[in-house]
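Listed here are the chains, written in short residue letters.
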Amino acid sequence: MSNKIFGTDGVRGTANIEPITAETALKLGRAAAHVFKNLNKQARGRGKHKIVIGKDTRLSGYMLENAISSGILSMGVDVLFIGPVPTPGVAYITRSLRADAGIVITASHNPYADNGIKFFRADGYKLDDQIEGQIEKLVFGGEIEKVRPAAEEIGKAVRIDDALGRYIEFAKAGFPKNLTLENLHIVVDCGNGAAYKSSPCVLRELGAKVTVFGNQPDGKNINEDCGSMFPEKLCAQVVAHKADIGIAHDGDADRVLLCDENGKLTDGDDIMAIAATNMLAQGTLAEKTLVATVMSNAGLEAAIKKAGGKTIRTSVGDKHVIDELLKKGFNFGGEQSGHLIFRDFSTTGDGLVAALQILRIMREKNQPLSKLAKCWTRFPQLVTNVKVREKIPFEKLNDVLTLVSAAESELKAAGGRVLLRYSGTEPKARLLLEGRDEADLKNWSHKICGAIQRQIGV
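Below is a short write-up of the structure. (Residues numbered from 1 in each chain as written. Predicted model: local features only at pLDDT ≥ 70, side-chain atom pairs only at ≥ 80, totals over all residues. Heavy atoms only, no water.)

Within the protein chain, the secondary structure is distributed over 14 helices and 18 strands. In summary, the protein chain has a C-alpha radius of gyration of 22 Å against a globular reference of 23 Å for 458 residues, a match within 12%. Seen through its principal axes, the protein chain has C-alpha atoms that stretch 70 × 60 × 40 Å. Out of the 458 residues in the protein chain, the part that is buried amounts to 59%. In the protein chain, the share of contacts with a sequence separation of at least 24, taken over all contacts with a separation of at least 6, comes to 70%. Summing over all exposed atoms, the protein chain offers an accessible surface of approximately 19,000 Å²; the carbon and sulfur share of this is 49%. (Helix = DSSP H or I, 4+ residues; strand = E, 2+ residues; numbered from the N terminus. Rg over C-alpha atoms; globule rule 2.2 N^0.38 Å. Buried < 20%, exposed > 50% of the residue type's maximum accessible area, 1.4 Å probe, protein only. Contact = heavy atoms within 4.5 Å. Areas by Shrake-Rupley, 256 points an atom, 1.4 Å probe, with all protein chains shown as cover.)

Between helix H3 (residues 87-96) and helix H5 (residues 163-173), the least distance of the axes is 10 Å, while the angle of their chain directions is 100 degrees. Considering the angle they form, H3 stands roughly perpendicular to H5. Counting all contacts with H3, which are made through Pro88, Gly89, Tyr92, Ile93, Arg95 and Ser96, the residues of H5 involved are Ala163, Arg166, Tyr167 and Phe170. In terms of residue class, the contact of H3 with H5 is built from 6 nonpolar, 2 polar and 2 charged. (Axes fitted to C-alpha atoms, helices over the stretch in contact; angles between N-to-C directions. Parallel < 35°, antiparallel > 145°, perpendicular 65-115°, else oblique. Nonpolar A, V, L, I, M, F, W, Y, C, P; charged D, E, K, R; others polar.)

The next thing to look at is the pattern of salt bridges. Overall, the coordinates contain 26 salt bridges when judged by the stated rule. Note that Glu205 and Lys172 form a salt bridge whose closest N and O atoms lie 2.5 Å from each other. Remark: Lys172 occurs in helix H5 and Glu205 occurs in helix H6 (residues 198-205); sequence separation between them is 33 residues. Here Glu205 falls in the partly exposed class, since its relative accessible area comes to 43%. Through salt bridges that share partners, Asp9, Arg12, Lys118, Lys126, Asp252, Asp254 and Asp318 make up one connected network. (Salt bridge = Lys/Arg side-chain N within 4 Å of Asp/Glu carboxyl O.)

Bringing the sheet that holds strand E16 (residues 381-387) into the picture now. The antiparallel open sheet is built from 3 strands, whose spatial order is E16-E18-E17. Edge positions in the sheet fall to E16 and strand E17 (417-422), since each has one partner strand and no second. Averaged over all pairs of adjacent strands, the angle between their axes in this sheet comes to 10 degrees, without regard to strand direction. One ladder, built from 7 bridges, connects E16 with strand E18 (residues 428-434); its direction is antiparallel. Bridging from a neighbouring strand, Val383 pairs with Leu432 of E18. Set on the sheet, helix H14 (residues 438-456) makes contact with E16, E17 and E18; between it and E16 the angle comes to about 10 degrees. (Pairing = 2+ DSSP bridges.)

Let us look at the pairing of strand E3 (residues 78-84). Counting buried positions along E3 yields 6 of 7 residues, so the element is predominantly enclosed. Inspection of the sheet shows strand E2 (residues 50-55) paired to E3 by 6 bridges, in the parallel sense. Residue pairing across strands places Val52 opposite Leu80, the latter belonging to E3. On the question of chirality, the crossover connecting E2 to the parallel E3 by way of helix H2 (residues 61-73) is right-handed. As defined by bridge partners, E3 adjoins strand E6 (residues 157-159) across 3 bridges and the pair is classed as parallel. Each residue of the ladder has a partner; that of Val79, found in E6, is Ala157. (Right-handed = clockwise from strand over helix to strand, strands pointing away.)

What follows is about the packing of aromatic side chains. Throughout the structure, instances matching the rule amount to 5 aromatic pairs. On the basis of an interplanar angle of 35 degrees and a centroid distance of 6.0 Å, the ring pair of Tyr167 and Phe170 is categorised as tilted. Placement of both Tyr167 and Phe170 in helix H5 is noted, with a separation of 3 residues, approximately one turn of the helix. Joined through ring pairs, the aromatic side chains of Tyr92, Tyr167 and Phe170 make up one cluster. Across the ring face of Tyr62, the terminal group of Lys55 is positioned such that the distance to the ring centre comes to 3.8 Å. Over the ring of Phe379 we find Arg436; its NZ or CZ atom is 4.6 Å from the centre of that ring. (Phe/Tyr/Trp six-rings, centres within 6.5 Å; stacked < 30°, edge-to-face > 60°. Lys NZ or Arg CZ within 6 Å of the ring centre and 35° of its normal.)

The buried fraction of strand E8 (residues 209-213) amounts to 4 of the 5 residues, a majority that puts the element mostly inside the structure. Where strand E7 (residues 185-189) meets E8, 5 bridges bridge the pair, whose relative direction is parallel. Counterpart to Asp189 in the pairing with E8 is Phe213. The parallel pair E7 and E8 is bridged by H6, and the resulting crossover is right-handed.

Okay, here's the thing in structure tokens:
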């Protein structure tokens, strides 16, 4: 196993295969407990240092939860189990309970056979690379093998029964007190994941009529033909029920996709355009700046500029977006995939909080989602994924970069662009093409992806 186990969003892989094994989870628990104890010499609450552990609905979560908690307890740190809660809920509960750190066991949008381990600092933000490096070093080194608290110094584990209720109240607090969702019919697809209780509950308590599916997790059906990975099902349900809006989450509910009343999908770029232009009009977008990634459509940047703001782009991954928000003091950013970070309300991507902000705008303007989405024009864009056996540098593959260069030359002349990269969480090469002519995009996608497929495709 490589000494590098942290990816773009924590540690992730196939459950029960390194690094997502009980053995490595135990080591991660020991290493994390040691690091967080030393980051906060004094426990933030009364008594011992403590770490919150939440999870999504995967079968392997039980194994990993027990293994990582054993490692934490062995280092003299208490564990607070909160059960299946959305990832942003773990971040919030970590702050609410004044814990030293939070851990969520999830593989987000991946299939159920995968799992992962994400960490949050005491303030609810994801770890920086330096802290991840410290944990990795301790996992693979022998530095803490002799650190063995004994007798009364060993940690204890307790279950926090009101964690879900705390998160529900937190999410509702971001919706204006003078507004309700009465007379709105909302379809919610929970993806058989961590939001299967929280999102329907919040929407109902705010007055909406709610039709729910993807809310019967069995440990194996998370993200299976449902949720934000398969939004076409949501769109069909919205039309069938003649609903006003649809909401789809991924497995850990840190992202959201929407569907308008006509059954048209509304992705993260749409949500950013609607929310950012609204915030610009209200004077609440910090520094008049939206933070997006290189994957966001060029039309989004044009719309923000027209509304009097500017857009900063980062590498792919909500961690990079959050880093930029923190570094420059901005308060809103996100990804096309549906990770939206409203820093005025949350420290990480929160699918429910994002959906509530769009519902707020719908209510304040008394407009349907389809009309709100007309605030911008999307440039033609094509994203193609190629499953690969291994992630060989593109420059070592025959003709791939030559084709990319030729595509760039042609598309840039018309204001387009090309972006080729490997996924940070899956064995896939991702090609993004943007331009004025869809036929040209399909042609270049066929050529470039074909070259990759022939050499390293599954």
